[in-house]
Amino acid sequence: MKFKSAITTALFTAAIVQSTVPANAMMLQGGVQRSTLVQPQMAQPMLSGAASAEAQRSARAQVLEGNWTCMSQVTGSNVPGVTSGTVVHSMVQYRPDGAGNMVESWFQNNWTPATSAVVKLDSAVLTSSRESASNTSNGWTARCHDIYKIVAPNKMIAESIVHQFVNGTYVGDYKTQSVLTKSSS
């Protein structure tokens, strides 16, 4: 039963990764083999698995938690009315939820606030997805998929793909590159 569950999890994970990676991304292929080699002892003592994971999670949360200003520039678009070179400013807030998971709240003038879970890909790369609607009467809705990279304790860069809808009809995609700077307060 555990083997069947592991296969199901692997297939589900592969489906998610395959649907979220760019078409030109290189996918690794191969399998996992168990090594019969004895691993050498580490020269320095390591924290227990639970303590080490908690310390890493805490350090990442301290870097990420807080308010960030975001400057985004459209780098490519096939959406009428959204042109390359357009710059927009927004605010992003990261806070832990009741279960200790990191949650992103996004705010931009003339758009409804959006909240989403933050998914860690590795120690410096995060991803999130959100949906927001325009507060104006134009019927615009944006579904955004972001990949953030922490480059310093107070700076992140991001690449995003935005799927744009007008009155529920898909009209195209645009891409942005962003720089996020952590606010001191």
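It should be noted that the structure appears before, not after, this text.
Everything quoted here is computed from the prediction, not taken from an experiment. (Residues numbered from 1 in each chain as written. Predicted model: local features only at pLDDT ≥ 70, side-chain atom pairs only at ≥ 80, totals over all residues. Heavy atoms only, no water.)

**Details of the sheet that holds strand β5 (residues 119-120)**
The 9 strands are arranged β4-β3-β2-β1-β9-β8-β7-β6-β5 in an open sheet whose pairing can be described as antiparallel. One side of each edge strand has no neighbouring strand; the edge strands of this open sheet are β4 (114-117) and β5. Two strands pair when backbone bridges link them, and β5 and strand β6 (residues 125-133) are joined in this way by 2 bridges, in the antiparallel orientation. Paired with V119 across the two strands is T127, which belongs to β6. (Pairing = 2+ DSSP bridges. Helix = DSSP H or I, 4+ residues; strand = E, 2+ residues; numbered from the N terminus.)

**Re the pattern of salt bridges**
Summed over all chains, the structure comprises 3 salt bridges. Among the salt bridges present, the one from R130 reaches E104, with a minimum N-O distance of 3.9 Å. Of this pair, R130 sits in strand β6 while E104 sits in strand β3 (residues 102-107), and the two are 26 residues apart along the sequence. (Salt bridge = Lys/Arg side-chain N within 4 Å of Asp/Glu carboxyl O.)

**Structural notes on the nonpolar core**
Core analysis: the biggest nonpolar cluster contains 24 residues, and L64, V92, Y94, L126, Y148, M156 and L180 have the highest contact counts within it. For this core, the secondary structure elements donating two or more residues are β1 (66-77), β2 (87-96), β3, β7 (140-152), β8 (155-166) and β9 (169-182). The greatest single-element share of this core, amounting to 5 residues, is contributed by β7. Filtering out sequence-adjacent residues up to four positions away, Y94 remains in contact with L64, E65, G66, W68, M102, V103, E104, V118, Y148, M156 and L180. (Core = buried A, V, L, I, M, F, W, Y, C linked by side-chain atoms within 4.5 Å. Buried < 20%, exposed > 50% of the residue type's maximum accessible area, 1.4 Å probe, protein only. Contact = heavy atoms within 4.5 Å.)

**A word on the pairing of β7**
Summarising the sheet, β6 and β7 pair through 9 bridges and their orientation is antiparallel. Residue L126 lies in a different strand from β7, and its bridge partner there is Y148. Hairpin geometry of β6 and β7 is characterised by an intervening segment of 6 residues between the two adjacent antiparallel strands and by a positive phi of about 75° at G139. Bridging between β7 and β8 involves 12 bridges; their strand directions are antiparallel.

**Focus: unusual backbone geometry**
Phi at N110 is positive, roughly 70°, even though this residue is not glycine. Positive phi outside glycine occurs at N167, with the angle close to 50°. Among the secondary structure elements, N167 is positioned in the loop between β8 and β9.

**Overview of the environment of K149**
One can find K149 in strand β7. Separated by 31 residues in the primary sequence, K149 and L180 have C-alpha atoms spaced 9.8 Å apart. The contact partners of K149, leaving out residues within four places of it in the chain, are A124, V125, K155, M156 and I157.

**Structural notes on the side chain of S72**
You can see S72 is positioned in strand β1. By relative accessible area, which is 10% here, S72 ends up buried. Among the polar contacts listed, one links the side chain of S72 to the side chain of S178, at a separation of 2.5 Å. Beyond its immediate sequence surroundings of up to four residues, S72 is in contact with T86, V87, V88, T176, Q177 and S178. (Polar contact = N/O pair within 3.5 Å; in protein donor to acceptor, adjacent residues only side chain to side chain.)

**Examining the side chain of S105**
By the element assignment, S105 lies in strand β3. A distance of 3.4 Å separates a polar atom in the side chain of S105 from a polar atom in the side chain of T115. The residues contacting S105, other than those within four sequence positions of it, are M91, V92, Q93, A114 and T115.

**Quick look at the environment of M91**
Structurally, M91 can be placed in strand β2. We classify M91 as partly exposed; its relative accessible area is 28%. If we skip the residues at most four places from it in the chain, M91 touches N67, W68, T69, S105, W106 and F107.

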